[in-house]
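One letter stands for each residue in the lines below.
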Amino acid sequence: MRRYLMASLFLLAACAPQVTQAPEARPNLQETAFYPATTGLEWVYLPEGEALSTPPFRVRVEGPAVFEGQEALRFRSLGRGEERVYYRQVGPFGVRLLGFQDPSARVVFTPPLLEYPPEVLLAVGYRWGGTTQVRVELLSPGGREPLAQGVLNYSMEVLEEREVGLPAGTFRIFRIRQTYQDERSQDVREVWFAPRVGEVRTREGRILVERNFR
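Residues numbered from 1 in each chain as written. Predicted model: local features only at pLDDT ≥ 70, side-chain atom pairs only at ≥ 80, totals over all residues. Heavy atoms only, no water.

Asks: Could you give an account of the pattern of salt bridges, naming the residues involved and the relevant values?
Replies: A complete count under the given rule lists 23 salt bridges for this structure. The shortest N-O distance in the salt bridge between E62 and R74 comes to 2.8 Å. Of this pair, E62 sits in strand β2 (residues 57-67) while R74 sits in strand β3 (residues 70-79), and the two are 12 residues apart along the sequence. On the basis of relative accessible area, E62 is assigned to the partly exposed category, the value being 27%. Since its relative accessible area comes to 22%, R74 is described here as partly exposed. In this structure, the salt-bridge partner of R189 is D187, at a minimum N-O distance of 2.5 Å. Taking the relative accessible area as the measure of exposure, R189 reaches 19% and is therefore buried. Linked by salt bridges that have partners in common, E68, R106, R135, E137 and R144 make up one network. (Salt bridge = Lys/Arg side-chain N within 4 Å of Asp/Glu carboxyl O. Helix = DSSP H or I, 4+ residues; strand = E, 2+ residues; numbered from the N terminus. Buried < 20%, exposed > 50% of the residue type's maximum accessible area, 1.4 Å probe, protein only.)

Set out below in structure tokens:
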């Protein structure tokens with residue numbers, strides 16, 4: 001099962017069933033945390049280069065949850081037939097990704113994958129990473145069925161800090177390269193993170209067009 005690990009991780013979204021678009025979150029919330037994670041926060045994204053009139057993707061903080069026996073925060077992503085829930089821990093250590101789940105599959109990282117470091121360390125040139133055991137399971141009415149498992153190595157590097165203008169506003173961002181490696185393949189992504197705003201460009205290449213907090 002190990003040889004299909006990377007493909008399983010990054011192609012699961014294509015298997016998600018159609019869902020109803022999420023309703024609007026309440027507007028004008030206040031947020032002061034470096035890594036925003038207050039229940040009710042919402043980000044609205046469009047793929048880079050698409051017209052603002054096209055259907056968006058939404059990411060919303062739904063609040064506390066338990067994932068694989070650990071306390072976490074639930075982040076739900078919805079749009080264009082995609083529905084996925086990410087389970088994260090946010091604290092002085094930064095942001096940890098415990099795993100994620102959509103209606104058809106569940107992915108668990110052991111130990112959690114460190115998406116972001118402590119805020120005092122986030123600066124141009126800083127690198128972090130690690131190794132995690134990944135378990136991918138298919139979900140069905142009868143329970144869970146193993147799909148893939150193996151070791152995933154990852155590394156992150158802050159390439160630059162600069163100002164960018166986007167439909168949602170002008171932001172001072174850290175441009176971060178994310179590299180994921182298993183036994184057979186490598187996947188390289190780029191994220192733009194703005195302190196106290198969140199990701200203004202996601203690893204899927206989606207650009208922030210709106211948010212419900214200041």
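Further notes follow.
Asks: Can you explain the layout of surface pockets? Please cite residues and give values.
Replies: Of the voids in this model, the largest pocket is the one considered here, and its volume is about 740 Å³. Looking at the lining of the largest pocket, the element that brings in the most residues is strand β4 (residues 82-91), giving five residues. Taken together, the residues of the lining of the largest pocket break down into 21 nonpolar, three polar and nine charged. (1 Å grid on protein atoms, 1.4 Å probe; cavity = no way out; pocket = protein on both sides within 12 Å on 5 of 7 lines; lining within 4 Å. Points joined across faces, edges and corners; volume = space filled by probe spheres on them. Nonpolar A, V, L, I, M, F, W, Y, C, P; charged D, E, K, R; others polar.)

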